[in-house]
Amino acid sequence: MNQDRRDRLRDAAISVLAEAGGRGLTHRAVDAAAAVPLGTAKNYFPSRDALLRAVAERCLEQYRALAASLAGAGPGPGDRDGLAALLAGLLRDVAGPGRPRVLAYLELQAEAARRPWLAALLDPIGAADFAAYGRLLRAAGQAGGPAQARALTLALHGAIPHLLTGAPETLAAAGLDDLDAFTREVLAAVCPEPPEEER
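Residues numbered from 1 in each chain as written. Predicted model: local features only at pLDDT ≥ 70, side-chain atom pairs only at ≥ 80, totals over all residues. Heavy atoms only, no water.

Chemist: A description of the overall build of the protein chain should follow, citing residues and the corresponding values.
Modeler: Of regular secondary structure, the protein chain possesses 10 helices and 0 strands. Mapped from its N terminus to its C terminus, the protein chain presents α and β elements in the order α-α-α-α-α-α-α-α-α-α. Reported as C-alpha extents along the three principal axes, the dimensions of the protein chain are approximately 70 × 35 × 30 Å. Out of the 199 residues in the protein chain, the part that is buried amounts to 40%. Taking the contacts inside the protein chain whose residues are at least 6 apart along the sequence as the reference set, 66% of them involve residues at least 24 apart. Accessible area for the protein chain stands at about 10,500 Å²; split by element, carbon and sulfur atoms hold 55% of it. (Helix = DSSP H or I, 4+ residues; strand = E, 2+ residues; numbered from the N terminus. Buried < 20%, exposed > 50% of the residue type's maximum accessible area, 1.4 Å probe, protein only. Contact = heavy atoms within 4.5 Å. Areas by Shrake-Rupley, 256 points an atom, 1.4 Å probe, with all protein chains shown as cover.)

The following block contains the structure:
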């Protein structure tokens, strides 16, 4: 099996899933997006479940590559302001270059609600975020226990659908029209600063 072509098909499937949703993910659509002869995707991924599995595995690979690049950049920001800037950058990526990947992942999550085997494939992505944000909090000198890691992770995950839809009134109501201010506010809520007299 040609691995380059397989990866091309998997990347095309992510694009199709992001653009057309779960119902639009067909072998024919993947062939068209990958600019390969009709029937190629079916040869590599014979069923729709096989296609979904391939997309989930590719999303997991991309997530791990992103996590590795962040880890390779060092232990993380050393203070609260640096951490807020990093988190704002991650959210900007969701609304920008990372949008297709994140949309595809959310579509996979919806499919996973009816396919336990798919939920199991996606589980490492969601679970890893809690540990990763806990590490970032601690590196920035903040409380980074399980409760704080959960609160930060769920706040950021909750912001993602709003960023993807981009509805202006909702973005303003959520504070997502200013991502720098949003991440500073989230950190202040998750890890409140002690009163000045106690510092």
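Alright, that's what it looks like, and here's the rest.
Chemist: Explain helix H6 (residues 99-112) to me, using residue names and the numbers behind them.
Modeler: The end-to-end C-alpha distance of H6 is 20 Å, a good match for the 20 Å that 14 residues give at a rise of 1.5 Å each. If you check which residues of H6 are buried, you get Val102, Ala104, Tyr105, Leu108, Glu111 and Ala112. (Expected span 1.5 Å × (residues − 1).)

Chemist: With reference to specific residues and values, describe the packing of H6 against helix H8 (residues 146-165).
Modeler: Close contact between H6 and H8 brings their axes to 11 Å; oriented N to C, the two are set at 120°. Regarding the angle of H6 to H8, the classification is oblique. Considering the relative orientation of H6 and H8, their crossing is left-handed. Only Ile160, Leu163 and Leu164 of H8 make contact with H6, whose side of the interface consists of Arg99, Val102, Leu103 and Leu106. Residue composition of the contact of H6 with H8, by class: 6 nonpolar, no polar and 1 charged. (Axes fitted to C-alpha atoms, helices over the stretch in contact; angles between N-to-C directions. Parallel < 35°, antiparallel > 145°, perpendicular 65-115°, else oblique. Left-handed = near helix turned anticlockwise from the far one by under 90°. Nonpolar A, V, L, I, M, F, W, Y, C, P; charged D, E, K, R; others polar.)

Chemist: Talk me through the packing of helix H5 (residues 80-95) against helix H10 (residues 179-190); I want residue IDs and the actual numbers.
Modeler: Put simply, H5 and H10 touch, their axes get as near as 8 Å, and they point 125° apart. Taken together, H5 and H10 sit at an angle that is classed as oblique. In terms of crossing hand, the pair formed by H5 and H10 is right-handed. Contacts between H5 and H10 involve Arg80, Leu83, Ala84, Leu87, Ala88, Leu91 and Arg92 from the first element and Leu179, Asp180, Phe182, Thr183, Arg184, Leu187 and Ala188 from the second. Its residues assigned to classes, the contact of H5 with H10 comprises 9 nonpolar, 1 polar and 4 charged.

Chemist: Explain the packing of aromatic side chains to me, using residue names and the numbers behind them.
Modeler: The final tally for this structure, using the stated rule, is 1 aromatic pair. Taken together, a centroid distance of 6.2 Å and an interplanar angle of 50° make the contact between Tyr44 and Phe45 tilted. Here Tyr44 falls in the buried class, since its relative accessible area comes to 16%. (Phe/Tyr/Trp six-rings, centres within 6.5 Å; stacked < 30°, edge-to-face > 60°.)

Chemist: Can you explain helix H7 (residues 116-139)? Please cite residues and give values.
Modeler: Residues spaced three or four apart along an α-helix face the same direction, because each turn holds 3.6 residues. Over its 24 residues, H7 runs 35 Å from end to end, which matches the ideal 34 Å to within 8%, given 1.5 Å per residue. Along its length, H7 reaches its greatest deviation from straightness, about 40°, at Leu122, and the proline Pro124 lies no more than four positions downstream. Those residues of H7 that sit buried are Leu118, Leu121, Leu122, Ile125, Gly126, Asp129, Tyr133, Gly134, Leu136 and Leu137. Positive phi shows up at Gly141, right after H7, with a value of about 80°. (Bend = angle between axes of the 7 residues up to and from the residue.)

Chemist: Can you tell me about the nonpolar core, naming the residues and giving the values?
Modeler: Most often, soluble globular proteins keep nonpolar side chains buried together rather than apart. If you look at the biggest cluster of nonpolar residues, it comprises 29 residues, and the most contacted ones within it are Leu9, Leu25, Val30, Val55, Leu108, Leu118 and Leu122. Going through the elements one at a time, helix H1 (3-24), helix H2 (27-34), helix H3 (40-44), helix H4 (48-72), H6 and H7 are the ones with two or more residues in this core. When residues of this core are assigned to their parent elements, the largest contribution, 8 residues, is made by H4. Counting 21 residues, the second largest nonpolar core, distinct from the first, contains Ala84, Leu87, Leu152 and Phe182. (Core = buried A, V, L, I, M, F, W, Y, C linked by side-chain atoms within 4.5 Å.)

Chemist: Kindly report on unusual backbone geometry, identifying the contributing residues and their values.
Modeler: Unlike most non-glycine residues, Ala35 shows phi in positive territory, near 55°. Checked against the element boundaries, Ala35 lands in the loop between H2 and H3.

Chemist: Summarise the environment of Leu137; cite the residues concerned and give the values.
Modeler: With respect to the helices and strands, Leu137 occurs in helix H7. On the accessibility criterion, Leu137 (0% relative accessible area) is buried. For the pair Leu137 and Asp79, spaced 58 residues apart in sequence, the C-alpha separation works out to 8.8 Å. Beyond its immediate chain neighbours, meaning those up to four positions away, Leu137 contacts Leu83, Gln142, Ala143, Gly144, Gln148, Ala149, Leu152, Leu187 and Cys191.

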